[in-house]
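So you can see what is in the structure, the chains are spelled out below.
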Amino acid sequence: MATVLITGASSGIGRQLARDYAADGWDVLACGRDPERLEAVASDKIQPLSFDVMDVEGARRALTECPRPDMVILNAGTCEYLDVENWDGEAFDSVVATNLIGISHCLGPLLPRLQSGSTLALVDSLARLLPFTRAEAYGASKAAVHYLTQTLAVDLEPRGVRVVAISPGFVETPLTDRNTFDMPTLMPVEEASERIRQGLASRRRFIAFPRRLHWTLTLLSWLPKGLKIRICQWMKRP
Ligand SMILES: NC(=O)c1ccc[n+]([C@@H]2O[C@H](COP(=O)([O-])OP(=O)(O)OC[C@H]3O[C@@H](n4cnc5c(N)ncnc54)[C@H](OP(=O)(O)O)[C@@H]3O)[C@@H](O)[C@H]2O)c1
């Protein structure tokens, strides 16, 4: 049976994906930092793999020694909203490091192991489409991940590795439980997992959901930059 490796599998979207793929008969390598949280997800089909994506050596060891995956979903991520009147450089560094540099720490050991016919999926966010208020770190990191996915597709597809960008809208997880603002089209995590697995099974290059939010943000992203910024300023009004 095929093996899927999922980072950020101890919680939220990654945990749901791990459970659903295991229920479908896949062997799952479930990654996260906290061994206890991972142990709670483990089963005969789900093998926990504990490492911090910020720790380049720990990631290298774990991802070199584990069974070779047929599919990789780099999903681990975090979000902090910033305040331009009280800039928190540590929070910025931590979000960008986890969401972007952490992916590089996983790619290093994984890329040589991905065989022709395998799939590499990176999770960004629909937030990448517009300059949302206080999303300086999160939005920038996710826009960079989307770019990275596309450049990886250019360079990996000729050797038979399929590269997929996954852009979710708001999904009910511990990450969004902290948000105090309105989250339009907030989706249960089970539905998000279903959309991702369907998209991967149908061999799509870009998986973005929910469709209405995706298209609304895409159309807004095509507006002239000045107008786009004014609309985002209008959206942040109390
Ligand atoms: N929820 C949404 O609305 C939404 C929307 C768009 C995109 N996304 C993206 O989807 C992904 C999953 O988000 P989620 O909502 O499921 O969040 P979540 O419930 O907070 O889960 C985040 C996962 O990432 C792992 N993680 C965080 N920092 C890590 C690190 N340094 N090393 C290893 N693992 C780390 C966490 O594991 P431990 O803490 O146990 O280590 C956890 O398993 C993220 O990339 C997020 O940006 C989410």
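Further up the page is the structure itself.
Residues numbered from 1 in each chain as written. Predicted model: local features only at pLDDT ≥ 70, side-chain atom pairs only at ≥ 80, totals over all residues. Heavy atoms only, no water.

## Considering the environment of C31
Rules: Here a helix means four or more residues in a row that DSSP labels H or I, a strand means two or more in a row labelled E, and each is numbered from the N terminus. With a 1.4 Å probe rolled over the protein chains alone, any residue whose accessible area is under 20% of its type maximum counts as buried; one over 50% counts as exposed, and the rest are partly exposed. Contact criterion: two residues are considered in contact whenever any of their non-hydrogen atoms come within 4.5 Å of each other.
Along the chain, C31 turns up in strand β2 (residues 27-32). Taking the relative accessible area as the measure of exposure, C31 reaches 1% and is therefore buried. On a C-alpha basis, the gap between C31 and P131 in space is 30 Å, while along the polypeptide they are 100 residues apart. Non-local contacts of C31, meaning those with residues more than four positions away in its chain, are made with L5, I6, T7, G8, A9, S10, L38, L49 and F51.

## Things to note about the site of the ligand
Going by this rule: Note on terminology: near, applied to a residue and a molecule or strand, indicates that one of the residue's heavy atoms is within 4 Å of it. We define a polar contact as two N or O atoms separated by no more than 3.5 Å, with the added condition that, inside protein, one atom must be a possible hydrogen donor and the other a possible acceptor, whereas residues neighbouring each other in sequence contribute only through side-chain atom pairs. Exposure was quantified through the Shrake-Rupley algorithm and a 1.4 Å probe, taking into account, for residues, occlusion by the shown protein chains and nothing else. Residues are grouped as follows: nonpolar covers Ala, Val, Leu, Ile, Met, Phe, Trp, Tyr, Cys and Pro; charged covers Asp, Glu, Lys and Arg; every other residue, Gly included, is treated as polar.
Around the ligand, the structure places 31 residues, and the nearest of them are S10, S11, Y138, V171 and T173. Residue R37 places a side-chain N or O atom 2.9 Å away from an oxygen atom belonging to the ligand. For the ligand, the accessible surface in isolation is 880 Å², of which the surrounding protein chains cover 94%. Of all the secondary-structure elements, those providing two or more residues to the shell around the ligand are α1 (12-23), α5 (136-156) and α6 (174-177). The biggest single contributor to the shell around the ligand is α6, with three residues. Its residues placed into classes, the shell around the ligand shows 13 nonpolar, twelve polar and six charged.

## Regarding the pairing of strand β4 (residues 71-74)
Regular strands place their side chains on alternate faces of the sheet. Cut-off, in case you're wondering: Following DSSP output, two strands are said to pair if at least two bridges run between them. Consider the strands pointing away from the viewer: the crossover is right-handed when the path from the first strand over the helix to the second runs clockwise.
Side-chain alternation along β4 places M71 and I73 on one buried face and V72 and L74 on a second face that is also buried. Pairing geometry for strand β1 (residues 3-6) and β4, over three bridges, is parallel. By the bridge assignment, I6 is partnered in β4 with I73. Relative to strand β5 (residues 119-123), β4 runs parallel, the two being bridged by four bridges. The residue bridging V72 from the neighbouring strand is L120, located in β5. Of the crossover connections in this fold, the one passing from β4 over helix α4 (residues 89-110) to the parallel β5 is right-handed.

## As for the side chain of H214
Considering the arrangement of structural elements, one finds H214 in helix α8 (residues 211-221). Taking the relative accessible area as the measure of exposure, H214 reaches 17% and is therefore buried. With residues up to four places along the chain from it excluded, the contact list for H214 reads L126, L129 and A208.

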